[in-house]
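# Observations on the three-dimensional arrangement
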Amino acid sequence: MSLNMNSTFRDVRKSAFHRSQTLVYRNGFAVPRRPTVGIGQDPLLSEQLIQQQISELSSETPYITRGSYQEQGLVEDVIPAYVALDKKVLRFYAYFEEDILCSPKEQHRVCPVVIYYYLEDDSICIFEPRVENSGIPQGERIKRQRLPRNAHGEPYLWKHLNIGMYLEVYGVKYNITQCDAFTKEFMESEGIVLNDPQPMPVDPYSQSRKITLPSHITPSNFDQMQQFIDMDRKVLRFFALLDDADALFADTRAVTIQFYLGDNTVEIREVHEANSGHDPFPILMHRQKLPKTFKATPQNFPSCVLEVSKAEVEEYYTPKDFQTGQTMKLRGRRFLLYDCDGFTKEYYQKNHPDIQMKPSEVPNKTSLVQLRKKEVPPYNGFGSLEDSLQNCLYLIPEPPKKNVLKMLENNNKVLCYSARMESQNPDDDGRLFILSYSLANDMISIYEKPTRNSATLHVFGRRFVLTDADQYVLNYLESNAGQIPHQTLLSIHQKLGVRTENNQAHDQNGDDVAEPSS
C-alpha cells in the first residue's frame, strides 16, 4: 500500500466557509489584504512581496485608448457631462396651430411656445407663455423629459434641432422660428449651421380684437369702460388728519384717503396707532362715490330714510377737488390733507399741473382741538346760570363750585347804580330803577325807583340806561383802578361832579342817588 504525498486533507476544525475580503482600506486607500503566513513560509519574504505589489500598483500609470488602437496617451482629468453641461440650456422659439371647430369668428389659433433643451441629460421642456385674461389653460405643455424622435423610441438630440424645421411631438407639430444668442453660439461651435430666422405669424383672432373702433366727429358720452381699462389699479393716496373736535372726547386721528381712478370712488382707512385707545377698525368709510353737490329736492323729501341716488346728485368728487394743505368736509367730517405719495404727485404733475401738491406741516393734534372753542347755548330760564351751564359741561351735572374766598372778602359789598329804562312802549320809557351788583356772588338785583327819571344795560330782553351811582361805587372803582377801564371811571367822576385832577369829591344832591348799602 502506497501513500499519495500530494493529496490534501480538509481541516475538520474549520467552521466558517465564507469568502474572505481581498481588499482592506488603509489611510483612505484600498490595498490588498495581507495573506496569512502558512506553515513553512518565511514571514519576511511574504512581507517583501506584498510591499512590492503595493508599490507597483501605486506607481503604475494607467493608459486609455482613444480613436484607433495605435493612438494612446495619458489620461487627463475627466469631467462628467452632468457637471460640464450643468445649467446649460438651449432655447428655441416656436409655434403651433390649433384648429377651432366651434367658433364662427376663427378657424385656427396660432399659439407661441418656448422649447428648452437641457444639454446635461438631453431632456426637453415645452412651455407656452401665459396671456392675462385669455381664458385658455396655458403654461407648461410638456414636462421635462426625453422626447421620442421615431417609432423606435430614439430621443431627440441637440443636433436634430434647427431653425425652420418642424418638431413633431405627440401628434403636434412645432415650427421653430428663432433661438437665443447662447443657442446660436453653441450650435456654431459644434459645426451646425443654423437657418435664417423666420417671423412669428400673427394670430388672426387676436389681431381682429386690436382693430380700433371708428372715430366720431361728434363728441360721445364719457366711456367708463375705457376709463376702467386705462386706470384700473391706479390709486391716488392722500395722508390726512380727521378733525373730530365736535365729539364728546375731542381727538384727531391719522387716516389715508384713497381715490380710485378706475371708477372715481373714495375709500378712507384709519391708521391704527399703538396704545391710542381706539379699536383697530381699518376702514373708516367703505369704497363709494362721494357726492359733492346735490340737486334741489323738495322739502318733504324723506332724505333721512331713503339713500341718495344718482338722480339727486348733481356732481361727484373728482381728483381736482383734492389738494394738500386744505381741509375737506366728507360725509359731515373735516379732513386736513397734509401730504400724498409719489404716484399721486406724478399724476398731478402730468394731468393737473396747475394744482401744486406740496406737503404741509403736520399740526399738533392738541392744537386742532384748541382752535375751536365750544359755544355755550343761550340761557333757557330754568334755574341759575351756573346750574344750566353744568348741563352743557357734564352728562351728569354737578353742583357749581363757589369761590368761598371771594365771598368772604366781598361780603356785604354792593355797588348801587341808578338806571332808567329805554323801551318802545311809551308807558315804560323813562322809568327809574336802582341796580345793585353784589361783589360776593356777582348777582344783580334791579328795583324800580318811585321817583322821576347814562350807560345802557340789557337784562333779560330789557334795556336799562345807567344814569347815576352812589359814592361807594366811586370809592370801590378808584381802589381797583387797574382793573377798571379808564372811560368808565371818567364817566363816574363826571356824573358825580368829581375833579379828575386831584380826585377829591364834592357835595352832591342826595335826591337823585341812592344811599350806599354798606
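In case you missed it, the structure is sitting above this.
The structure displayed is predicted, hence computed values, not measured ones. Counting from 1, residues in each chain are numbered in the order their sequence is written. Whole-chain, interface and lining totals are the exception, using all residues; otherwise, since this is a predicted model, local features are given only for residues with pLDDT of at least 70 and side-chain atom pairs are given and counted only at 80 or more. Heavy atoms throughout the structure, all of them, feed into the side-chain values; hydrogens and water do not.

## Examining the sheet that holds strand E5 (residues 89-99)
Pairs of strands are assigned from DSSP output, requiring at least two bridges between the strands. Counting from the N terminus, the helices are the DSSP runs of H or I reaching at least four residues and the strands are the DSSP runs of E reaching at least two. Pairing within the open sheet is antiparallel, and its six strands lie in the order E8-E7-E6-E5-E10-E9. Looking along the sheet, the strands with just one partner apiece sit at the ends: strand E8 (139-145) and strand E9 (166-169). Between one strand axis and the next, the sheet turns by 30 degrees as a mean value, whatever way the strands run. The sheet contact formed by E9 and strand E10 (residues 172-179) spans four bridges and is antiparallel. Looking at E10, one finds that Val-169 is bridged to Val-172. The criterion used for residue contact is that any of the two residues' heavy atoms lie within 4.5 Å. Convention adopted: a line fitted to C-alpha atoms gives each axis, helices being fitted over their contacting stretch, and angles between N-to-C directions are expressed from 0 to 180 degrees. Contacts from helix H3 (residues 181-189) reach E5 and E10, with the element oriented near 110 degrees to E5.

## Considering the packing of helix H10 (residues 471-479) against helix H11 (residues 486-495)
Their axes nearest at 11 Å, the elements H10 and H11 cross at an angle of 145 degrees. Between H10 and H11 the crossing geometry is left-handed. On the side of H10, the interface is formed by Leu-474, Leu-477 and Glu-478, while H11 contributes Leu-489, Ile-492 and His-493. Note on convention: near helix rotated counterclockwise from far helix by under a right angle means a left-handed crossing. Clockwise means right-handed.

## Notes on the pattern of salt bridges
Salt bridges, as used here, are contacts in which a Lys or Arg side-chain nitrogen is within 4 Å of a carboxyl oxygen on Asp or Glu. Within this structure, the stated rule accounts for 13 salt bridges. With a closest N to O distance of 3.8 Å, Asp-341 and Arg-237 form a salt bridge. You can see Asp-341 sitting in the loop between strand E18 (333-340) and helix H6 (342-351) and its partner Arg-237 sitting in strand E11 (residues 235-244), a full 104 residues away along the chain. We classify Asp-341 as buried; its relative accessible area is 16%. One salt-bridge network, held together by shared partners, links Glu-120, Asp-121 and Arg-144. The buried label goes to any residue with under 20% of its type's maximum accessible area, the exposed label to any with over 50%, and the partly exposed label to all in between, with areas taken from a 1.4 Å probe on protein chains only.

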